[in-house]
Amino acid sequence: MKLLIENWRKFLTEEKEFKQVDDYYEIGVSKSEYHPAWDYEPNENPSLLSQEAYELAFDAAQELSSKLGLGQIALYYVQGESFDNHVARYINGTYKSPVIVLSDKVEEQEEAKTTLFHELGHAYVESIGLETDEETEEDLVEEFARLYTQDPNSGLNYLVNFEGAET
């Protein structure tokens, strides 16, 4: 199976793919000074299916980041099954060029997109200085990601209207 996936990846000749740098599998380039090595151990053997899912979702996430006025994104696989019951985590303070750390539990492209949209929602909330409690923010970005996946304009309108109602 592993060989099949590796050959499939070569066949697709995708422009963007995860590369291993200093034991971290990463994709994208963040202009943020943050590096996951400060807080997380690398996942030196992430699932190939997970890598493929995030690689296919990466361009859509980068496009969303631009629409939200955020910068280039970078994704890193780190050790751990989840982060407080999440499969990914946006690194606070990196909204100008978002850094997202990943577990390798997501193996489908649509789930990867929704996960990245959710995390970019957190980056946006931080970028505008919206102060909410943790539960409210989780509900906000989860609904935003769900809506944006179905209809990008609807998702963006939801986020903007929420911002307007809360500030």
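Since the structure is predicted, the reported quantities are computational estimates derived from the model, not experimental observations.

Draft legend 1. The pattern of salt bridges, seen in detail. Tallied over the full model, the rule gives four salt bridges. Asp104 is paired through a salt bridge with Lys105; the nearest N and O atoms lie 3.9 Å apart. Classification of Asp104 by relative accessible area gives buried; the value is 15%. A residue is classified by how much of its surface remains accessible, and Lys105, at 43% relative accessible area, is partly exposed. Across the salt bridge formed by Glu110 and Lys113, the nearest N and O atoms sit 3.8 Å from each other.

Draft legend 2. Structural context of the sheet that holds strand β3 (residues 74-77). Strands sit in the order β1-β2-β3-β5-β4 across an open sheet of five strands; the sheet is mixed. Edge strands, defined here as strands with exactly one partner in the open sheet, are β1 (19-21) and β4 (88-90). With strand direction ignored, the average angle separating the axes of adjacent strands in the sheet is 30°. Judged from the four bridges that link them, β3 and strand β5 (residues 99-102) form a sheet pairing that is parallel. Bridge pairing in β5 links Tyr76 to Val101. Packing of helix α2 (residues 48-67) onto the sheet brings it into contact with β2 (24-28), β3 and β5, and relative to β3 it is tilted by some 175°. Docked against the sheet, helix α3 (residues 109-127) engages β3, β4 and β5, running at close to 20° with respect to β4.

Draft legend 3. Geometry of the packing of aromatic side chains. Summed over all chains, the structure comprises six aromatic pairs. Ring geometry for Phe18 versus Tyr77: centroids 4.9 Å apart, planes at 50°, classification tilted. Highlighted residues: Phe18 in the loop between α1 (2-12) and β1 and Tyr77 in strand β3, separated in sequence by 59 residues. Here the two residues Phe18 and Tyr77 agree in accessibility, since each one is buried. Between Tyr158 and Phe162, the ring centres sit 6.4 Å apart and the planes meet at 40°, which makes this aromatic pair tilted.

Conventions adopted
- Residues numbered from 1 in each chain as written.
- Predicted model: local features only at pLDDT ≥ 70, side-chain atom pairs only at ≥ 80, totals over all residues.
- Heavy atoms only, no water.
- Salt bridge = Lys/Arg side-chain N within 4 Å of Asp/Glu carboxyl O.
- Buried < 20%, exposed > 50% of the residue type's maximum accessible area, 1.4 Å probe, protein only.
- Pairing = 2+ DSSP bridges.
- Helix = DSSP H or I, 4+ residues; strand = E, 2+ residues; numbered from the N terminus.
- Axes fitted to C-alpha atoms, helices over the stretch in contact; angles between N-to-C directions.
- Contact = heavy atoms within 4.5 Å.
- Phe/Tyr/Trp six-rings, centres within 6.5 Å; stacked < 30°, edge-to-face > 60°.

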